[in-house]
Amino acid sequence: MALLLRSILLILLTAAAAQAQEQPPAVPDLAPQMQAPAPETAAPAPALPPAAPEAGPALDAPAAPASPEAQGSQAPADAADAQEAPAPAGEPEAPAAAGADPAPAAFDTEAAEAPVGPGLPIPHDLTPWGMFEAAHWVVQAVMILLAAASFVTWTVLLFKLVEIAIARRRLARTAATVETSATLEEAVRRLAGRKDPAAFMARASFEELQRSDAALDLAGTAGLKERVRSILERVEAQAGERLRRGIGLLATIGSVGPFVGLFGTVWGIMNAFIGISQSQTTNLAVVAPGIAEALLATGLGLVAAIPAVVIYNHFVRSIASWRLSLADAGAAIERMLSRDLDYRSAGRS
């Protein structure tokens, strides 16, 4: 009877060991360990039942030698029980058994969207020329237009500075000649060959005096003075308008330049968002170059507009000051004409 029980026990242990080798060890769930403290010691392995006492010498028989599987069944059973027991808190998890499939690694979205490292090449040339070459053709056209407008602004600045300086110098010389002349005829003779507006005022006033000489005794001098004043006003207006030629471009560039740059920015950002949707990524290395190319158009618009506004205001003040000096020269010519008429009336009387 004892031999029969021992044989049954060995068969059961052998079957349990074979089943433990066929199934991979279960991965313990660590969630309960994070919520509740784990037991300090592992659960004890179940003890084997004691062998039954021998019946007697009559029933004794030589026992068959145990198989190698039966001899090693105790160790695998204990190992399986130790793996099923949860590990104590604070101890590292035991490595997986050989032959078990490793758990799939989770997809790291932060690593996928991480910016380009300093050692890796930059996907876009972020220099101004590189951004211009990478921009859309509409944005490139806007940038070229704004660059041309900026070139026009500085060209007008150079030409107008020279023109206004020459006009001021000529006006100062003519005004000094008129002030030092005794009569209008003398002033015209001294101003012969000069083509500035003040010299033209003196010649036009003297010609009108000669044309009205025959009617002065009968009609008086009031009509002549009105005609000379009209001539002086028209010459002053025409000279001022001629000197203002070109600064209207500055006003146009200063008012329209920012809006043209804004149009290029809107178009560039729209294309940047289209590229983001096509690439299906919000990585800064992909988004930033398109937005930088778009904002470059706004920067060029401001670069073209701000100097144009400043230069336009400067020229407006300069031309206003020059017209005031020209009006003073015209008033001096008018006074000289009135003086000549009075001397003429006094001589005839």
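The shown structure was predicted, so the numbers you read here are calculated from the model rather than taken from an experiment.

Scoring rules and cut-offs
Residues numbered from 1 in each chain as written. Predicted model: local features only at pLDDT ≥ 70, side-chain atom pairs only at ≥ 80, totals over all residues. Heavy atoms only, no water. Helix = DSSP H or I, 4+ residues; strand = E, 2+ residues; numbered from the N terminus. Buried < 20%, exposed > 50% of the residue type's maximum accessible area, 1.4 Å probe, protein only. Contact = heavy atoms within 4.5 Å. Salt bridge = Lys/Arg side-chain N within 4 Å of Asp/Glu carboxyl O. Phe/Tyr/Trp six-rings, centres within 6.5 Å; stacked < 30°, edge-to-face > 60°. Expected span 1.5 Å × (residues − 1). Core = buried A, V, L, I, M, F, W, Y, C linked by side-chain atoms within 4.5 Å. Patch = residues over 30% accessible without salt bridge, like charges linked within 9 Å, V, L, I, M, F, W, Y side chains within 5 Å. Areas by Shrake-Rupley, 256 points an atom, 1.4 Å probe, with all protein chains shown as cover. Lys, Arg positive; Asp, Glu negative; His and termini not counted. Charge placed at Lys NZ, Arg CZ, Asp CG, Glu CD. Axes fitted to C-alpha atoms, helices over the stretch in contact; angles between N-to-C directions. Parallel < 35°, antiparallel > 145°, perpendicular 65-115°, else oblique. Left-handed = near helix turned anticlockwise from the far one by under 90°. pLDDT = per-residue confidence, 0-100.

**Student:** Whenever I open this one, the overall build of the chain confuses me. Can you help?
**Tutor:** Counting its regular elements, the chain contains 13 helices and 0 strands. Tracing the chain from N to C terminus, the helices and strands come up as α-α-α-α-α-α-α-α-α-α-α-α-α. By residue count, 26% of the 349 residues in the chain fall in the buried class. For the chain, restricting intrachain contacts to residue pairs at least 6 apart in sequence, the fraction spanning at least 24 positions comes to 83%.

**Student:** Where do I start with the pattern of salt bridges in this structure?
**Tutor:** If charged atoms from side chains of opposite charge come close, those side chains can pair. Overall, the coordinates contain 4 salt bridges when judged by the stated rule. Between Glu-163 and Lys-160 there is a salt bridge, with its nearest N and O atoms 2.9 Å apart. Placement of the pair is Glu-163 and Lys-160 together in helix α7 (residues 137-179), with a separation of 3 residues, close to one helical turn. For Arg-227, the salt bridge identified is with Glu-208, shortest N-O distance 2.8 Å. Placement of Arg-227 in helix α11 (residues 222-243) and of Glu-208 in helix α9 (residues 197-211) is noted, with a sequence separation of 19 residues between them.

**Student:** Quick question: what am I supposed to make of the packing of aromatic side chains here?
**Tutor:** Applying the stated rule across the entire model yields 1 aromatic pair. Ring geometry for Phe-263 versus Trp-267: centroids 6.1 Å apart, planes at 50 degrees, classification tilted. Here Phe-263 pairs with Trp-267, and both are found in helix α12 (residues 247-279), just 4 residues apart, close to one helical turn.

**Student:** Any chance you could explain α9 here in plain terms?
**Tutor:** An α-helical segment advances 3.6 residues per turn. Residues three or four places apart therefore align on the same side. Taking 1.5 Å per residue as the helical rise, α9 with its 15 residues ought to reach 21 Å, and the 21 Å between its terminal C-alpha atoms agrees with that figure. Burial in α9 covers these residues: Ala-198, Ala-199, Met-201, Ala-202, Ala-204, Ser-205, Phe-206, Glu-208 and Leu-209.

**Student:** Could you clarify how one ought to interpret the side chain of Thr-177 in this entry?
**Tutor:** Tracing the chain through its elements places Thr-177 in helix α7. Residue class for Thr-177 comes out buried when judged on its relative accessible area of 8%. Residues contacting Thr-177, with those up to four places away along its chain left out, are Arg-190, Leu-191 and Arg-194.

**Student:** Explain the nonpolar core to me, please; I cannot follow it from the model alone.
**Tutor:** General note: in soluble globular proteins, nonpolar side chains tend to be found buried as a group. Ranked by internal contacts, the top residues of the largest apolar core, which has 36 residues, are Leu-184, Phe-315, Trp-322 and Leu-326. Taken together, the elements giving at least two residues each to this core come down to α7, α8 (184-190), α9, α11, α12 and α13 (284-348). The biggest single contributor to this core is α13, with 11 residues. Apart from the residues lying within four places of it in its own chain, the contact partners of Leu-184 are Ala-202, Ser-205, Phe-206, Ile-333, Met-336, Leu-337 and Asp-340. Ranked by size, the runner-up nonpolar core spans 6 residues in total, among them Met-131, Ala-135, Val-139 and Ala-297.

**Student:** When you look at the environment of Tyr-312 in this model, what are you seeing that I'm missing?
**Tutor:** Relative to the elements of secondary structure, Tyr-312 occurs in helix α13. A sequence separation of 60 residues divides Tyr-312 from Thr-252, and the C-alpha atoms of the two residues are 9.9 Å apart. Once you skip the residues sitting within four places of it in the chain, Tyr-312 turns out to touch Arg-244, Ile-247, Leu-250 and Ala-251.

**Student:** What should I look at first to understand a positive patch on the surface in this one?
**Tutor:** A cluster of basic side chains, namely Arg-169, Arg-170, Arg-173 and Lys-195, defines a positive patch on the protein surface. Mapped onto the fold, Arg-169 is located in helix α7.

**Student:** I'm lost on the packing of α7 against α12 in this one. Help?
**Tutor:** What describes two packed helices is the angle between their axes and the distance between those same axes. α12 packs onto α7 with a crossing angle of 160 degrees between their chain directions and a minimal axis gap of 10 Å. With respect to α12, the axis of α7 lies roughly antiparallel. Relative to α12, α7 is oriented so that their crossing is left-handed. Residues Val-138, Val-139, Val-142, Leu-145, Leu-146, Ala-149, Val-152, Thr-153, Val-156 and Lys-160 of α7 pack against Ile-247, Leu-249, Leu-250, Ile-253, Gly-257, Val-260, Gly-261, Phe-263, Gly-264, Trp-267 and Gly-268 of α12.

**Student:** Is there a simple way to think about the side chain of Thr-153 in this case?
**Tutor:** Considering the arrangement of structural elements, one finds Thr-153 in helix α7. Apart from residues no more than four positions distant in its own chain, Thr-153 is found in contact with Leu-250, Ile-253, Ala-304, Pro-307, Ala-308 and Ile-311.

**Student:** I would appreciate a short explanation of the environment of Ala-251 in the present structure.
**Tutor:** Note on placement: Ala-251 falls in helix α12. A C-alpha to C-alpha distance of 9.7 Å links Ala-251 and Val-310, two positions 59 residues apart in sequence.

**Student:** Quick question: what am I supposed to make of the environment of Glu-208 here?
**Tutor:** Take Glu-208: its relative accessible area is 13%, and that puts it in the buried class. In this structure the C-alpha to C-alpha distance between Glu-208 and Lys-225, which are 17 residues apart in sequence, comes to 9.6 Å.

**Student:** Hey, could you run me through the confidence of the model for the chain in this one?
**Tutor:** Here the chain averages 73 in pLDDT, while 62% of its residues score no lower than 70. When the elements of the chain are averaged for pLDDT, helix α5 (residues 109-112) gives the smallest value, 42, and α7 the largest, 91. Contacts of residues 30-47 to residues separated by more than four positions or lying in other chains number 13 contacts, the stretch itself having pLDDT below 50.

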